[in-house]
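# Structural description and commentary
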Amino acid sequence: MAMSLLLPIFPLQSLARSYRWCPVRTGSKPVCLVVTRAQTSGGDREEENVVIVGAGIGGLATAVSLHRLGIRSVVLEQAESLRTGGTSLTLFKNGWRVLDAISVGPQLRTQFLEIEGMVVKKEDGRELRSFRFKDEDQSQEVRAVERRVLLETLASQLPPQTIRFSSKLKTIQSNANGDTLLELEDGSQLLAKIVIGCDGIRSKVASWMGFSEPKYVGHCAFRGLGFYPNGQPFQKKVNYIYGRGLRAGYVPVSATKVYWFICFNSPSLGPKITDPAILKKQAKELVSTWPEELRNLIDLTPDETISRTPLVDRWLWPGIAPPASKGRVVLVGDAWHPMTPNLGQGACCALEDSVVLANKLASELNKGTESVEGAMESYGNERWSRAFPLTVRANLVGALLQWENSLVCSVRDNIIIPKLVRLGPMLEHTNFECEPLYDSKT
Ligand SMILES: Cc1cc2nc3c(=O)[nH]c(=O)nc-3n(C[C@H](O)[C@H](O)[C@H](O)COP(=O)(O)OP(=O)(O)OC[C@H]3O[C@@H](n4cnc5c(N)ncnc54)[C@H](O)[C@@H]3O)c2cc1C
């Protein structure tokens, strides 16, 4: 019974030379017989069934989802370790639904504050409007989660050796029988039955599939994670400050940490700057007349958490953008649908992708080889109708908020925000019913 998950798609005869079968357990329950990798007579070329490229949020969540469904995968990550620096991500209820479905929600909730509402202010600190999330939607859940902790938590759910660090994908090639040959920077090769490209905005997999480069949208973001060793002073609210062509936000993450960002217009990407002292100085200069608490927060930001990122996206125009899959290669998260962070949905959407794809793949893997492509196509169709509108909406919201025109900003600050904006419709995109992981063997 358990073997049926893999047997139809990976016939024993073709694997006999290079694989051996061994029983594996996922958590406490017995799962299935999977193949372990072994070297072929071809030397450095290995064979794997499911290869995920990229150990970011999308890659790890996909690996965990598949693992929960009894499907073993290998995750190739270019870096030497999980990303340890970086700031945090605001996850809304759709992100939490997925984290619950893959059973890491409770563990993460205990570490991050639940944010109760948001306050919108002018650059002089005057409050324009405040909202409480639960007033509009009892089921809303908002927390800013440290990226490092999210990645470590997801990785801790995977069997040892699942993630292979220092494994940078260099080239991809598909074989006549539908397998994919992956060549890594170190010259080693992997032959994969299924490839899931989760390699982020500069995805090698996506460019092999014919996707265009993501496009710069005209603004950049400074980000940081302020640290208050004696406890941070903020209420559990997201604070937004809107200026002209410039906006900032900050939100408490935990008892001692506060995430902040500053978004500013810039006609070009500008030089890549990594020196934290320069980044801090530039960020503070942008908001030199803005509320002091924001500038203090920047001062209290450890060097390793400050960064400056040009914001990009890619619109998946129907009939123009390639489909999400090609043969048995499929994309997840930013590799497929990079979007600007104006709705706080990039990571949430990558999480959604991971569970939908894992469910579809697992259910089809039980049926036979041909249906894997079908599962990927079905995933692509279902997720396109979610990701494309979100990408467009995030872009338009960003364009609106980055307006420099004083008349437009005045209408925004005096009419739109105080009188017209409603939080419920603004957060409608966070409605996502996450299907549980269907373990077809249980
Ligand atoms: C300023 C800013 C703020 C944001 N805020 C939010 C927010 O509040 N909420 C939210 O939901 N989202 C937010 N996002 C979006 C979020 O960060 C991304 O959507 C999310 O990280 C996508 O995850 P991913 O796994 O698809 O890609 P990534 O997180 O980029 O992971 C890709 C992984 O692939 C690896 N990789 C790349 N190339 C290769 C290769 N050739 N070989 C092997 N490995 C490779 C990388 O090293 C990396 O580990 C924000 C983004 C930005 C820029």
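Within an unreviewed UniProt entry, the label attached to the chain reads FAD-binding domain-containing protein, and the organism entered is Arabis nemorensis. What UniProt states about the chain under its Sequence similarities (unreviewed entry) heading is, verbatim, "Belongs to the 3-hydroxybenzoate 6-hydroxylase family."

Its place among the elements puts Thr90 in strand β5 (residues 88-91). Sequence-wise, Thr90 and Ile115 are 25 residues apart; in three dimensions their C-alpha atoms are separated by 9.6 Å. Excluding residues within four positions of it along the chain, Thr90 makes contact with Val142, Ala144, Val251 and Gly344.

The environment of the ligand is made up of 34 residues, and the closest members are Gly54, Gly56, Gly200, Gly333 and Gly346. If you list the elements that add at least two residues to the shell around the ligand, you get α2 (57-68), β5, β13 (215-227) and α10 (346-365). A per-element tally of the shell around the ligand places α10 first, with four residues. Taken together, the residues of the shell around the ligand sort by class into 15 nonpolar, twelve polar and seven charged. When residues of the shell around the ligand are sorted by domain, at least three fall in each of domain 1 (2-83 + 150-213 + 315-394) and domain 2 (88-149 + 216-313 + 400-428).

With twelve residues, α2 should reach 16 Å at 1.5 Å per residue; the first-to-last C-alpha distance of 16 Å fits that figure. Taken across its twelve residues, α2 has twelve buried, putting it largely inside the fold. Looking at α2, one finds that the buried residues are Ile57, Gly58, Gly59, Leu60, Ala61, Thr62, Ala63, Val64, Ser65, Leu66, His67 and Arg68. Positive backbone phi, approximately 85°, marks Gly70, located one or two places after α2.

Rules used throughout
- Along each chain, the written sequence defines residue order, and numbers are assigned to residues from 1.
- Only residues with pLDDT of 70 or above have their local features reported here, since the model is predicted, and side-chain atom pairs are shown and tallied only from 80 upward, although totals for entire chains, interfaces and linings are computed over all residues.
- UniProt positions are given in the numbering used here, feature names are shortened, and annotations may be inferred rather than shown by experiment.
- Helical segments are the DSSP runs of H or I of at least four residues, strand segments are the runs of E of at least two, and each set is numbered from the N terminus.
- Any residue pair is listed as a contact if its two C-beta atoms, each placed from the backbone, are within 7 Å.
- Think of it this way: take the backbone, place a C-beta atom on it, and check whether that atom is within 6 Å of the molecule or strand, in which case the residue is near it.
- Amino acid classes used here: Ala, Val, Leu, Ile, Met, Phe, Trp, Tyr, Cys and Pro are nonpolar; Asp, Glu, Lys and Arg are charged; the rest, including Gly, are polar.
- An automatic or database domain assignment supplies the start and end points of every domain.
- Here the expected span of a helix is defined as 1.5 Å times the quantity of residues minus one.
- Exposed residues have 12 or fewer other C-beta atoms within 10 Å of their own C-beta, buried residues have 20 or more, and residues in between are partly exposed; the C-beta atoms are placed from the backbone.

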